Amino acid sequence: MAFTLRSVKVPPNSVTLEEARSRTFDFFRKACRSLPSVMEIYNLHDVATISHLRSSISSQIRKNAHITNPKVIDMLLFKGLEELNNIAEHAKQRHHIIGQYVLGSEGLVQDHDQDRKDPGASKFLKNFYTSNYF
Amino acid sequence: MTSIVGATISVPSSRSLCFNQATPRISGLKPVSVSIQKKSFPSLKFRRSFRVSCSAKPETVDKVCEIVRKQLALPADSAVTGESKFVSLGADSLDTVEIVMGLEEAFGISVEEESAQTIATVQDAADLIEKLVEKK
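Residues numbered from 1 in each chain as written. Chains lettered and ligands numbered in written order. Predicted model: local features only at pLDDT ≥ 70, side-chain atom pairs only at ≥ 80, totals over all residues. Heavy atoms only, no water.

Some words on the overall build of chain B
Part 1: Along the backbone of chain B there are six helices and zero strands.
Part 2: Secondary structure of chain B in N-to-C order comes out as α-α-α-α-α-α.
Part 3: Out of the 136 residues in chain B, the part that is buried amounts to 30%.
Part 4: Residue pairs at least 24 apart in sequence account for 58% of intrachain contacts in chain B once pairs closer than 6 positions are excluded.
Part 5: Surface summary for chain B: the accessible area is close to 10,000 Å², and the carbon and sulfur share equals 62%. (Helix = DSSP H or I, 4+ residues; strand = E, 2+ residues; numbered from the N terminus. Buried < 20%, exposed > 50% of the residue type's maximum accessible area, 1.4 Å probe, protein only. Contact = heavy atoms within 4.5 Å. Areas by Shrake-Rupley, 256 points an atom, 1.4 Å probe, with all protein chains shown as cover.)

Listed below in structure tokens is the structure:
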């Protein structure tokens, strides 16, 4: 089994925040350009669309948007590139992709029984069951 | 002895023959044509750029507006015209890149990084799309 790696050597750290920003955009463009092949590999045509996956990628990038240290940004980009390589060379499986990138905050287990068994539950209770912060 | 004399006589004549053949060939036509081409280029360029800036089709602009509106989650009645800048509609730099990628996917083109940096308004994006679709 030959796993082809996209880039084995690590580029030197970015000097300024601007360089880190442009590297982030390059990574984002690379990821978006590989989305059609990802849809083909994992057969996601019924489950998600390309724009859905694109917005999930950008929301994950945006989660770390507050960071100002260029070295930390480089490290995050390295991890993101590694993840992208894994996905593109079919090292992951369909349920990984669906669970991590297609589903939103509800996660893998969708408890629809809640609505059927306990329809009188208030919005407060529903929020309370999902998380501590609301 | 006589053969040596004969040999020495024959050498200078051959040298003079070589001299006659080695005349440099100057082609005076070439430099003149290049200058004519140089003169006509600037006017062509000027005309072409003038044409592209005002020729984005309205349906292209509408499609771009639709994609922008969906990406930035704007309500359906917000004013998105050709001159509205992405920044004024509430998009940060990542949103701009994402809009460009959405346009790439919708129109089946591929935008270079340098041209993507220069896009600031909806009209810029529509013009770039027109140019790339024409080239295909």
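Quick look at the overall build of chain A
Part 1: When you go through chain A residue by residue, the secondary structure sums to seven helices and zero strands.
Part 2: Along its sequence from the N terminus, chain A presents helices and strands in the succession α-α-α-α-α-α-α.
Part 3: Expressed as a percentage of the 134 residues in chain A, the buried residues total 28%.
Part 4: Within chain A, contacts between residues separated by at least 24 positions form 66% of all contacts whose residues are at least 6 apart in sequence.
Part 5: Of the accessible surface of chain A, which amounts to about 9,400 Å², a share of 58% is contributed by carbon and sulfur atoms.

Concerning the interface of chain B and chain A
Part 1: On the side of chain A, 13 residues touch chain B, which itself brings 13 residues to the contact.
Part 2: At the junction of chain B with chain A, the criterion picks out six residue pairs in polar contact (both at pLDDT 80 or more).
Part 3: Of all elements in the fold, only helix H4 (93–107) and helix H5 (113–117) of chain B reach the threshold of two or more residues within the side of chain B that touches chain A.
Part 4: Per element, the largest residue contribution to the side of chain B that touches chain A is nine residues, and it comes from H4(B).
Part 5: Residue composition of the side of chain B that touches chain A, grouped by class: five nonpolar, two polar and six charged. (Polar contact = N/O pair within 3.5 Å; in protein donor to acceptor, adjacent residues only side chain to side chain. Nonpolar A, V, L, I, M, F, W, Y, C, P; charged D, E, K, R; others polar.)

Structural notes on the nonpolar core
Part 1: Membership of the largest hydrophobic core comes to 28 residues, with the highest contact counts inside it found for A:Phe28, A:Leu44 and A:Leu53.
Part 2: Going through the elements one at a time, helix H1 (17–33), helix H2 (35–42), helix H3 (50–63), helix H4 (70–88) and helix H5 (94–102) of chain A together with H4 of chain B are the ones with two or more residues in this core.
Part 3: The element contributing the most residues to this core is H1(A), with six residues.
Part 4: Not counting residues within four places of it along the chain, the set of residues in contact with A:Phe28 comprises A:Arg54, A:Ile57, A:Ser58, A:Ile61, B:Leu94, B:Val97, B:Glu98 and B:Met101.
Part 5: Core analysis: the second largest hydrophobic core is formed by 25 residues, B:Ile67, B:Leu89, B:Ala125 and B:Leu128 among them. (Core = buried A, V, L, I, M, F, W, Y, C linked by side-chain atoms within 4.5 Å.)

Comments concerning the confidence of the model for chain B
Residues and elements named next belong to chain B.
Part 1: Summing up the model confidence of chain B, the mean pLDDT is 68 and the portion of residues at 70 or higher is 60%.
Part 2: When mean pLDDT is compared element by element in chain B, H4 scores highest at 89, while helix H1 (residues 2–21) scores lowest at 45.
Part 3: Scored below 50 in pLDDT, residues 26–53 shows two contacts in the model against residues more than four places distant or in partner chains.
Part 4: Both confidence scores are given for the complex: pTM 0.68, ipTM 0.72. (pLDDT = per-residue confidence, 0-100.)

Examining the environment of B:Ser110
All names here are of chain B.
Part 1: Secondary-structure assignment places Ser110 in the loop between H4 and H5.
Part 2: Residue class for Ser110 comes out partly exposed when judged on its relative accessible area of 45%.
Part 3: Taking the C-alpha atoms as reference points, Ser110 and Val133, separated by 23 residues in sequence, lie 9.7 Å from one another.
Part 4: Once you skip the residues sitting within four places of it in the chain, Ser110 turns out to touch Glu104 and Leu132.

With respect to the pattern of salt bridges
Part 1: Within the structure shown, the criterion is met by twelve salt bridges over all chains.
Part 2: The salt bridge partner of A:Arg23 is A:Glu19, with a shortest N-O separation of 3.7 Å. Note that A:Arg23 and A:Glu19 are positioned in helix H1 at a spacing of four residues, about one turn of the helix.
Part 3: Overall, A:Arg23 belongs to the partly exposed group, its relative accessible area being 21%.
Part 4: The partner of A:Arg29 in a salt bridge is B:Glu113, and the shortest N-O contact between them spans 3.7 Å. Taken together, the residues span two chains, with A:Arg29 in helix H1 and B:Glu113 in helix H5.
Part 5: Relative accessible area serves as the criterion here: at 7%, A:Arg29 is assigned to the buried category.
Part 6: Accessibility expressed as a relative area gives 30% for B:Glu113, which makes it partly exposed.
Part 7: Three or more residues are tied together by salt bridges with common partners; here these are A:Asp26, A:Arg29, A:Arg33, B:Glu104 and B:Glu113. (Salt bridge = Lys/Arg side-chain N within 4 Å of Asp/Glu carboxyl O.)

Considerations on the packing of H1(A) against H4(B)
Part 1: Running from amino to carboxyl end, H1(A) crosses H4(B) at an angle of 25°, the nearest separation of the two axes being 11 Å. Viewed along their axes, H1(A) and H4(B) adopt a mutual orientation that is roughly parallel. For the pair H1(A) and H4(B), the sense of crossing is right-handed. Contacts between H1(A) and H4(B) involve A:Arg21, A:Phe25, A:Phe28, A:Arg29, A:Cys32 and A:Arg33 from the first element and B:Ser93, B:Leu94, B:Val97, B:Glu98, B:Met101 and B:Glu104 from the second.
Part 2: Looking at the contact of H1(A) with H4(B) residue by residue, the classes come out as six nonpolar, one polar and five charged. (Axes fitted to C-alpha atoms, helices over the stretch in contact; angles between N-to-C directions. Parallel < 35°, antiparallel > 145°, perpendicular 65-115°, else oblique. Left-handed = near helix turned anticlockwise from the far one by under 90°.)

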